[in-house]
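# Structure at a glance
Here is what each chain is made of, one letter per residue.
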Amino acid sequence: ALPYFYIVAGKAMDEAYMAELQTAMAATNGQAIYVGQLSGNDVKLLYARSTLFLLAATLERGDVEGFGLVITEAGAQGCPAVATRVGGIPDALQEGKSGLLCAENDIAGLAQAIRSVLTQPALRAQLGQGAKDYSASLTWERNAQTMLEGF
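The rules behind the values
- Residues numbered from 1 in each chain as written.
- Predicted model: local features only at pLDDT ≥ 70, side-chain atom pairs only at ≥ 80, totals over all residues.
- Heavy atoms only, no water.
- Helix = DSSP H or I, 4+ residues; strand = E, 2+ residues; numbered from the N terminus.
- Axes fitted to C-alpha atoms, helices over the stretch in contact; angles between N-to-C directions.
- Left-handed = near helix turned anticlockwise from the far one by under 90°.
- Contact = heavy atoms within 4.5 Å.
- Phe/Tyr/Trp six-rings, centres within 6.5 Å; stacked < 30°, edge-to-face > 60°.
- Buried < 20%, exposed > 50% of the residue type's maximum accessible area, 1.4 Å probe, protein only.
- Expected span 1.5 Å × (residues − 1).
- Arc of directions from axis to C-beta.

### Notes on the environment of Ile 89
- Mapped onto the fold, Ile 89 is located in helix H4 (residues 89-92).
- Taking the C-alpha atoms as reference, Ile 89 lies 9.5 Å from Val 64; in sequence the two are 25 residues apart.

### As for the packing of helix H3 (residues 69-76) against helix H6 (residues 121-137)
- For the pair H3 and H6, the least separation of the axes is 7 Å and the interaxial angle reads 115 degrees. Every pair of crossing elements has a handedness; the one defined by H3 and H6 is left-handed. Together, Thr 72, Gly 75 and Ala 76 of H3 and Ala 131, Lys 132 and Ser 135 of H6 make up the contact between the two elements.

### Section: the packing of aromatic side chains
- According to the stated counting rule, one finds one aromatic pair in the structure shown.
- Here Tyr 47 and Phe 53 contribute two aromatic rings whose centre-to-centre distance is 5.7 Å and whose plane-to-plane angle is 80 degrees, an arrangement assigned as edge-to-face. Summarising the burial analysis for this pair, Tyr 47 and Phe 53 share the class buried.

### Looking at helix H5 (residues 107-119)
- For H5, built from 13 residues, the straight-helix expectation of 18 Å at 1.5 Å per residue is met to within 8% by its first-to-last C-alpha distance of 18 Å.
- Three or more residues of H5 are buried, namely Gly 109, Leu 110, Ala 113, Ser 116 and Val 117. For H5, the angular spread of the buried residues around the axis is 125 degrees, confining them to a single face. Set apart from the buried face of H5 by more than 90 degrees, the exposed residues are Ile 107 and Ala 108.
- Those residues of H5 hidden inside the fold are in contact with strand S3 (53-55), strand S4 (81-84), strand S5 (99-102) and H6.

Below, the structure written as structure tokens:
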């Protein structure tokens, strides 16, 4: 097993989910912590010091991840992402260039993608630079131009 330390940050929106999350974290024997809501600067520092960003989103109760802004926020700090192909997440990263995508609920695929990023420093560096470059390219001007070209 690979050594890891998993940090969950953000405001808890649902008490039932938070209880489930705390139970899951307790089962990691101290390898996961919930740090709550952080300042913008602290979030940037956390992303910059992280090896990878994981967003294993699923379609739940009709909710869907609209874009995956957190992926671009992590990418802006050079942190590559491993994520699921749900909602707009595939628009937030470039497969194989700024992160790795897996099917929804593909636990084995997610585990393999995480293992690849953790055990291959060259891949991790390539994806980290790609994430930084791609997030920097996502400007309002570029998005407006892309939209206009579609008409």
